Amino acid sequence: MSRRNSLLVSVAVAALSHLPSSASAESLSLVRIATMPEGAEVTGLSTNAMGELFLNAQHPGGKNTFRDDAPPALVGYVAGFDPSNATSMDLPAQDMRSGVAVANGEYVTFAKAGDTLGDGNILGGVYDVSGALMYVSNTPDFNGFIPRGDGSAYLYTGWEGAGRDGASTVSRLALSKVDGKWQADLAQSKVLDLSPVYGGAVLCSGIVTPWGTPLMAEEYFFYNSALWNHPNNNDEDERASFQDGNDNTYIKSKSMSDYLGRMSNPYRYGYLIEVQDPTGAETLVKHYATGRLSHETAAIMPDNRTIYMTDDDSGAYADATYNSASGGVLFKFVADTAGDMSSGTLYAAKLVQDAETDPDKAGFDVTWVELGHGSNAEIETWAAEYDDVTTADYVEGQTSYISDDEVRAYAAGTANDARAAFLESRRTAAAMGATNEWDKLEGITSHSNTVYIAASGISYTMDKSWGHIDWSTGTKDETNSGAIALDAEGCGGTYRAVTGDDFNITRIDPYVVGQTTSDGSCDLNRPANPDNILALNDGTLLIGEDAGSKKHTLDMLWMVK
């Protein structure tokens, strides 16, 4: 198959088997609208009220840290983007793959990793609480456009960290319209101080809330809290065991301790972070009430109370090296007050799969397990009880943090408080019967009553041959295929749910599913390994890839029409 294949009408026909029964070739087609530089992932997908599309190229060349030998990550937007007039593009020629290529409009780069900002800091620079530079991230994930009026705006960008170095940063670029195009004024731009919220751990994607505030997600929440203060994870040997080091985990817990200049607390990380008053005093708020998990992003429904959240984990990490015993959970948070995420009720989805294993066809009925009600203030009080734990407290076979027995007690209704629900949300969800088997549950987005959900891989815990792993012991039962038991599809897929007026998801169906080819790569004419997804103002869905060169020649951005 030619790497320069166009997407024509035939793609819509070919995609029929990957659509729910309500879709048709006439109503839905796939359009390739952008490609990334070699080695770069599609990130930063967001729009403003005018429908302008913001888009980043994360880690070009596969380099998570910006150094002299790394192509810099790009932060920018597509000027003149018109989804109603977009047509498919060919893959760019080999000598044209160093930048973002678009089918419609013009990609405008605002800034690159390593640029110097007006506050004297470096774009992508992660600075500890003393102001010392730790490293420069090459992974800009979230973009949030905040208008200021008179043709000016701020673009908030969350920088994910640098590979195993999880401490993250947030930049604020000052934008203005010049000759009809946005441009950045680096002299008026800055890096935010994250120390009031103990720093940010692996800041991933996010959204601008309907009430106009940037909302970012801490993606890596450290599943096995018992190992957070393990001496091996906090000594001078910072290599994971698979790198012939002695660390027990992948993302370094020590990174947050290095940021603080003292021992960090796992219960300070793994939340949604809101930038309140983004054009004024800029106050950062960690929403402990939305639960501690591997937050990827969130979808806020039109009632401004119901929020769906994806939990990005994978059974690929189900061993001592990577420190996990499950896949991810689909969570729901219902705020007590519209537009206020500081208190509410946390739920986890329990799935019942259709009598079908084909990932193109099998959907799920959904019910919700109520985990608990809480507020930021109360939950942070519980989290603070672990602030003084150090490596000196570590005892092999025990834990200095919330134990599995405490999780079981909460699930049985005998715990003294609800801390397990909010500080160990995935474990508690599993203990209470929710489904913890999604593989790389990444992007989520919504428009009106429709919610789209991206599973970057349909494999491992979603694979019917995988078996079921106990959330506590990590023991695998291969005779139990689990709640999600599909034929594996390593290229992943995007699901769709349509709610009623209560905005409650009761059913999830496959929408656009990738397809593995005979050589193990993914069909170039379908999205592969969806990660960042976005519903545009008119409801059109965009699917951004995190596929890598083994799956797709370049990571691509798709429009589903």
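The model shown is predicted, which means the values in this text are computed figures rather than measured ones.

Description of helix α3 (residues 376–384)
Along α3, the positions that sit buried rather than exposed are Asn-376, Ile-379, Trp-382 and Ala-383. Across the axial projection of α3, the buried residues extend over an arc of 130 degrees, all falling on one side.

Quick notes on the environment of Gly-118
The residue Gly-118 is located in the loop between β6 (106–112) and β7 (125–127) in this model. Once the C-alpha coordinates of Gly-118 and Asp-185 are considered, the two residues, 67 residues apart in sequence, prove to be 8.7 Å apart. Residue contacts for Gly-118: discarding those within four places in its chain leaves Leu-186, Ala-187 and Ser-189.

Some details on the state of the cysteines
Overall, the coordinates contain one disulfide when judged by the stated rule. Across the disulfide from Cys-491 sits Cys-522; the S-S distance is 2.0 Å. Judged by the torsion about the S-S bond (-100 degrees), the Cys-491/Cys-522 disulfide is left-handed. Residue Cys-491 is located in the loop between β25 (476–477) and β26 (493–498), and its partner Cys-522 is located in the loop between β27 (507–513) and β28 (530–535); the two are separated by 31 residues in the primary sequence. Exposure class is identical for Cys-491 and Cys-522. Each is buried. Take Cys-204: it sits in no disulfide, and the sulfur closest to it among the cysteines is that of Cys-522, at 20 Å. Here Cys-204 falls in the buried class, since its relative accessible area comes to 1%.

Structural notes on the sheet that holds strand β9 (residues 140–149)
A sheet is described by the order of its strands in space; here four strands give the open sequence β9-β10-β11-β12, paired in antiparallel fashion. The outermost strands of the open sheet, each flanked by one partner alone, are β9 and β12 (181–191). Strand-to-strand, the axes of this sheet are offset by a mean angle of 30 degrees, without reference to chain direction. By the bridge criterion, seven bridges tie strand β11 (residues 169–178) to β12 in an arrangement that is antiparallel. The residue of β12 that forms the bridge with Ala-174 is Asp-185.

Reading the values: the criteria
Every chain's residues receive numbers from 1 upward, in the order its sequence appears when written. Since the coordinates come from a predicted model, pLDDT governs what is reported: local features require at least 70, and pairs of side-chain atoms require 80 or more to be given and counted, while whole-chain, interface and lining totals use all residues. Excluded from the side-chain calculations are hydrogens and water; all other atoms, namely the structure's heavy atoms, are used. Summary of the burial criterion: residues with accessible area below 20% of their type's maximum are buried, those above 50% are exposed, and those between are partly exposed, where the area comes from a 1.4 Å probe applied to protein chains only. A run of DSSP states H or I qualifies as a helix once it reaches four residues; a run of E qualifies as a strand once it reaches two. Both are numbered from the N-terminal end. This arc describes the spread of directions from the helix axis toward the C-beta atoms. Two residues qualify as a contact provided that any one of their heavy atoms is within 4.5 Å of a heavy atom in the partner residue. Disulfides are defined as pairs of cysteine sulfur atoms found within 2.5 Å of each other. Only strands that DSSP links by at least two bridges are regarded as paired with each other. Angles shown run from 0 to 180 degrees and are taken between the N-to-C directions of axes, each axis being a line fitted to C-alpha atoms and, for helices, limited to the stretch in contact.

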